[in-house]
Amino acid sequence: MPEAFVAGLDGQTREKVINILNDNLVEMQALNMAVKQAHWNLKGPGFIGVHELLDDVAARLRDGIDTIAERTVILGGYARGTLEVAADKAKMTAYPVELTELKDHVAELKSRFLSVGEQIRAAASAAEEAGDGDTEDLFVEISRALDKDAWFIGANSTV
């Protein structure tokens, strides 16, 4: 394992938390790609508002992705977040690439945000159980952002 830049956590704890971080890194990468897929292809009433919203959502996801990856390295691990790793390891169902209707994209994205949000909350609990309150806080912060974006996206379901 590479050098760690954190004090107070033993190697076993760091290794466990690094695995939790990497498991969630791939889910966040998959979610980010789903958002961009929708952004590129959606059509219909309300298009421009959702199109612009998804750019903001993707930026927030990238911030969360970066935070997870950096924490992994701080703990002495390797961030495993390439598209190839995400495609191989993510549990998320592949995003349907031929969707165009705004309402269909909203439904697909809302479902994925709720699922990843649930996984991130479970990761927060697992980090706490492992004894890493800082990583727990990181996941709590990300879960709040995911919940808010699920709301922003889901509020378009009446369009």
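Everything that follows concerns the structure shown earlier in this document.
These figures come from a predicted structure and were not determined experimentally.

### Comments concerning the overall build of the protein
Logical step 1: Looking only at helices and strands, one finds five helices and zero strands in the protein.
Logical step 2: Listing the helices and strands of the protein from first to last along the sequence gives α-α-α-α-α.
Logical step 3: On C-alpha atoms alone, the protein measures out to a radius of gyration of 16 Å, which is about the 15 Å that the 2.2 N^0.38 rule sets for 159 residues.
Logical step 4: Taken over the C-alpha atoms alone, the protein extends approximately 55 × 25 × 20 Å along its principal axes.

### Looking at the environment of serine 125
Logical step 1: Considering the arrangement of structural elements, one finds serine 125 in helix α4 (residues 102-130).
Logical step 2: For serine 125 and phenylalanine 139, which are 14 residues apart along the polypeptide, the C-alpha to C-alpha distance reads 8.9 Å.

### Points about the nonpolar core
Logical step 1: Membership of the largest hydrophobic core comes to 41 residues, with the highest contact counts inside it found for Met28, Phe113, Phe139 and Leu146.
Logical step 2: Elements with a minimum of two residues in this core: α1 (11-41), α2 (47-74), α4 and α5 (133-154).
Logical step 3: With 11 residues, the top contributor of residues to this core is α1.
Logical step 4: Setting aside residues up to four positions removed in sequence, leucine 146 forms contacts with Met28, Leu31, Leu61, Phe113, Val116, Gly117 and Ile120.

### A look at the side chain of asparagine 32
Logical step 1: Along the chain, the position of asparagine 32 falls in helix α1.
Logical step 2: Exposure remark for asparagine 32: the relative accessible area of 8% places this residue in the buried category.

### Description of the pattern of salt bridges
Logical step 1: This model, assessed by the stated rule, comprises six salt bridges.
Logical step 2: Across the pair aspartate 104 and lysine 103 runs a salt bridge, and its minimum N-O distance is 3.2 Å.
Logical step 3: Accessibility expressed as a relative area gives 27% for aspartate 104, which makes it partly exposed.
Logical step 4: Given the relative accessible area of 49%, lysine 103 is considered partly exposed.

### Re α1
Logical step 1: Here α1 is 31 residues long and its end C-alpha atoms lie 45 Å apart, about the 45 Å a rise of 1.5 Å per residue gives.
Logical step 2: Regarding α1, its N-cap is aspartate 10, as a side-chain oxygen of that residue lies 3.1 Å from the backbone nitrogen of glutamine 12 further along.

Rules used in this analysis
All residue numbers refer to positions counted from 1 along the written sequence of the respective chain. Thresholds applied to this predicted model are a pLDDT of at least 70 for local features of residues and 80 or more for the giving and counting of side-chain atom pairs; totals over whole chains, interfaces and linings are not thresholded and use all residues. With hydrogens and water set aside, each side-chain value is computed from the structure's full complement of heavy atoms. Only DSSP runs of H or I covering at least 4 residues are called helices, and only runs of E covering at least 2 are called strands; the numbering of each starts at the N terminus. Computation of the radius of gyration draws on C-alpha atoms, with the globule rule given as 2.2 Å multiplied by the number of residues to the power 0.38. By convention a nonpolar core is built from buried Ala, Val, Leu, Ile, Met, Phe, Trp, Tyr and Cys residues, the set being connected through side-chain atoms within 4.5 Å. Residue exposure (1.4 Å probe, protein chains only): buried if accessible area is under 20% of the type maximum, exposed if over 50%, otherwise partly exposed. Residue contacts follow a heavy-atom distance rule, with two residues in contact if any of their heavy atoms lie within 4.5 Å. The rule for a salt bridge is simple: a side-chain nitrogen of Lys or Arg has to be within 4 Å of a carboxyl oxygen of Asp or Glu. A helix's residues, less one, multiplied by 1.5 Å, set its expected span. By the criterion applied in these results, polar contacts are pairs of N or O atoms within 3.5 Å in which, for protein atoms, one can donate a hydrogen and the other can accept it, and in which residues neighboring in sequence qualify only through two side-chain atoms.

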